[in-house]
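Listed here are the chains, written in short residue letters.
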Amino acid sequence: MKETQNKSNFIKILITLIFMIFFIVLITNGTKILKKPTDIYIVANGSLSYEEATEGYIIRDETVLQGENYKNGMVQILSDKERAAKSEAFFRYYSNSEENILNQIAELDEEINEVIENDNLSLMSYSDISSLDAQIEDTIDLMYNVNYLQKNQENKNKIEAYISKKAQITGVASPSDSYVRILTDKRIALENELEAGAEIVVAPKSGLASYRVDGLEEILKTDNFDYLSKELLDSFELKVGATIPLSTEKGKIVDNFESYIAVVMNTEKSMSAKVGDKVFLRLSNSDEIESEISYIKDEEKDRIIVFKISDKIDELLEYRKISIDVIWWKYSGLKVSNSALIEEDDKIYVEKNRANYTEKILVKVLRQNDTYSIVENYDEEELKELGYSDEQISEGKSINLYDELVLH
């Protein structure tokens with residue numbers, strides 16, 4: 001009976017020891033026992049950015065042009081967004097007698113075409129002469145759409161050259177040819193009268209031609225931004241993305257090299273920004289353009305920031321207020337999960353997974369958000385500055401694409 005009891009006690013002690021050993025192993029190696037194959041992260045190329053949405057007011061170097069006869073109506077010589085050279089004809093106003101002159105020119109064109117069509121030609125030279133007649137007719141049509149006196153004179157010279165060739169083919173100038181010359185001279189005279197009575201406005205400097213005038217050109221200036229305030233910008237009551245209407249009385253020359261976008265922000269990142277910082281701006285069409293902070297003004301609760309841009313200026317000519325994303329920073333490189341980072345003694349490490357063991361590697365964190373980091377390896381000089389020996393450096397511990405990192 002006593003022997004049986006001793007045996008039972010021994011079994012109980014043995015079972016207790018087994019449970020204690022299992023519990024100790026579980027505590028010291030629990031993470032290894034419970035680790036799943038998915039507790040790794042594959043290093044890949046990627047990018048991170050920090051961006052904030054806001055609204056921007058476009059400020060340009062704009063010179064508004066308006067002539068004396070603006071009530072007569074305007075004819076565009078340069079198209080909207082077209083490059084203008086200094087002293088180049090930009091637009092013109094109709095003259096008081098323009099409608100009457102245009103009607104006379106139209107009548108002359110019909111008469112000239114009728115004379116050419118009714119001209120009797122010899123069959124032997126018909127194809128050559130038909131070609132010349134076609135060129136004469138095309139040139140007359142071209143003259144009808146040209147506003148420049150010089151161009152019309154060039155076209156007149158072309159017509160006379162074609163008629164001369166035609167006379168050489170037929171052996172003699174036909175009466176119709178002489179009549180075409182007379183009608184062409186009359187047309188040129190009417191064109192001259194039209195040009196003399198019209199007021200032509202020329203570009204005072206080179207830049208982009210625009211007919212979108214909203215009245216803010218004289219308020220939003222680029223030479224000094226001290227006048228900017230949240231109160232001023234709000235007072236314009238502009239709608240985001242609304243296009244500036246085309247004017248029928250004025251035009252303007254816009255600097256095609258630089259424009260500015262002013263924003264009002266009060267975020268933590270905007271409050272720490274500095275003049276000279278380089279950032280990216282994402283437009284509503286998803287285009288990203290480089291910019292530089294050229295001006296900052298602090299108000300009671302907000303901050304006025306002015307970004308200078310040199311791209312997409314022509315595309316933004318239609319707008320005064322737009323929605324943008326300010327991309328404060330954007331980095332590309334080796335992208336790793338923040339869960340793979342280990343911080344020890346103010347240094348950051350990752351644990352590379354090998355076949356039968358793990359290897360701890362020092363890395364440099366370039367940028368980080370809540371989930372991921374962009375990292376890179378230290379070079380030899382940097383490792384020496386951190387106190388690593390030549391032997392340690394020669395081991396060449398680094399992380400590369402597709403390495404497996406242990407997550408913690």
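In what follows, the accompanying structure is described. For clarity, every value in this text was computed on a predicted model and none was experimentally measured.

Observations concerning the overall build of the protein
- Along the protein, the regular secondary structure elements total 9 helices and 17 strands.
- Looking at the protein as a whole, 38% of its 408 residues qualify as buried.
- In the protein, of all internal contacts separated by at least 6 residues, the share reaching a separation of at least 24 is 76%.
- For the protein, the computed accessible surface area is about 24100 Å², with 49% contributed by carbon and sulfur atoms.

A few points about the pattern of salt bridges
- Throughout the structure, instances matching the rule amount to 26 salt bridges.
- Ionic pairing is found between aspartate 214 and arginine 320, a salt bridge with its closest N-O pair at 2.8 Å. In this pair, aspartate 214 sits in the loop between strand E7 (207-210) and helix H6 (230-235) while arginine 320 sits in the loop between strand E11 (303-309) and strand E12 (321-337), placing the two residues 106 residues apart along the sequence.
- The exposure class assigned to aspartate 214 is partly exposed, which follows from its relative accessible area of 27%.

Focus on the side chain of glutamate 62
- Counting through the fold element by element, glutamate 62 comes out in strand E2 (residues 44-65).
- Of the polar contacts made by the side chain of glutamate 62, one reaches the side chain of lysine 252; its length is 2.7 Å.
- A distance of 3.3 Å separates a polar atom in the side chain of glutamate 62 from a polar atom in the side chain of arginine 320.
- Filtering out sequence-adjacent residues up to four positions away, glutamate 62 remains in contact with Glu217, Lys221, Lys252, Ile253, Val254 and Arg320.

Points about the nonpolar core
- Counting 22 residues, the largest nonpolar core has Ile261, Leu281, Phe307, Ile324 and Trp328 as the members making the most contacts within it.
- At the level of secondary structure, the elements contributing two or more residues to this core comprise E2, strand E8 (251-265), strand E9 (278-282), strand E10 (288-298), E11 and E12.
- Top element by residues in this core is E12. It accounts for 5 residues.
- Sequence-distant contacts of phenylalanine 307, that is, excluding residues within four places in its chain, are made with Ser259, Tyr260, Ile261, Val263, Val279, Leu281, Ser291, Glu292, Ile293, Val326 and Trp328.
- In this structure, Phe225, Phe236, Tyr295 and Ile304 belong to the second largest nonpolar core, which totals 13 residues.

Overview of a negative patch on the surface
- Taken together, the side chains of Asp379, Glu380, Glu381, Glu385 and Asp390 make up a negatively charged region of the molecular surface.
- It is helix H8 (residues 380-385) that provides the largest number of residues to the negative patch, a total of 3 residues.
- On the secondary structure map, glutamate 385 appears in helix H8.

Some words on a nonpolar patch on the surface
- Together, Ile42, Leu401 and Tyr402 make up a nonpolar patch on the protein surface, roughly 300 Å² of accessible area in all.
- Structurally, the position occupied by leucine 401 is in the loop between helix H9 (390-394) and strand E17 (404-406).

Notes on unusual backbone geometry
- Positive phi, normally seen in glycine, also occurs at lysine 81, with a value near 80°.
- Residue placement: lysine 81 occurs in the loop between strand E3 (74-76) and strand E4 (83-84).
- For lysine 81, a relative accessible area of 29% corresponds to the partly exposed category.
- Of note, serine 286 is a non-glycine position whose phi angle comes to about 75°, a positive value.
- Along the polypeptide, serine 286 turns up in the loop between E9 and E10.
- Since its relative accessible area comes to 54%, serine 286 is described here as exposed.

Description of the sheet that holds strand E5 (residues 89-93)
- Strand order in the open sheet formed by 3 strands is E3-E5-E6, with antiparallel pairing between adjacent strands. This sheet does not close on itself; its edge strands, each paired only once, are E3 and strand E6 (199-202). Ignoring strand direction, the axes of neighbouring strands in this sheet form an average angle of 30°.
- Two strands pair when backbone bridges link them, and E5 and E6 are joined in this way by 4 bridges, in the antiparallel orientation. Bridge pairing in E6 places phenylalanine 91 opposite valine 201.

About the cut-offs
Residues numbered from 1 in each chain as written. Predicted model: local features only at pLDDT ≥ 70, side-chain atom pairs only at ≥ 80, totals over all residues. Heavy atoms only, no water. Helix = DSSP H or I, 4+ residues; strand = E, 2+ residues; numbered from the N terminus. Buried < 20%, exposed > 50% of the residue type's maximum accessible area, 1.4 Å probe, protein only. Contact = heavy atoms within 4.5 Å. Areas by Shrake-Rupley, 256 points an atom, 1.4 Å probe, with all protein chains shown as cover. Salt bridge = Lys/Arg side-chain N within 4 Å of Asp/Glu carboxyl O. Polar contact = N/O pair within 3.5 Å; in protein donor to acceptor, adjacent residues only side chain to side chain. Core = buried A, V, L, I, M, F, W, Y, C linked by side-chain atoms within 4.5 Å. Patch = residues over 30% accessible without salt bridge, like charges linked within 9 Å, V, L, I, M, F, W, Y side chains within 5 Å. Lys, Arg positive; Asp, Glu negative; His and termini not counted. Charge placed at Lys NZ, Arg CZ, Asp CG, Glu CD. Pairing = 2+ DSSP bridges. Axes fitted to C-alpha atoms, helices over the stretch in contact; angles between N-to-C directions.

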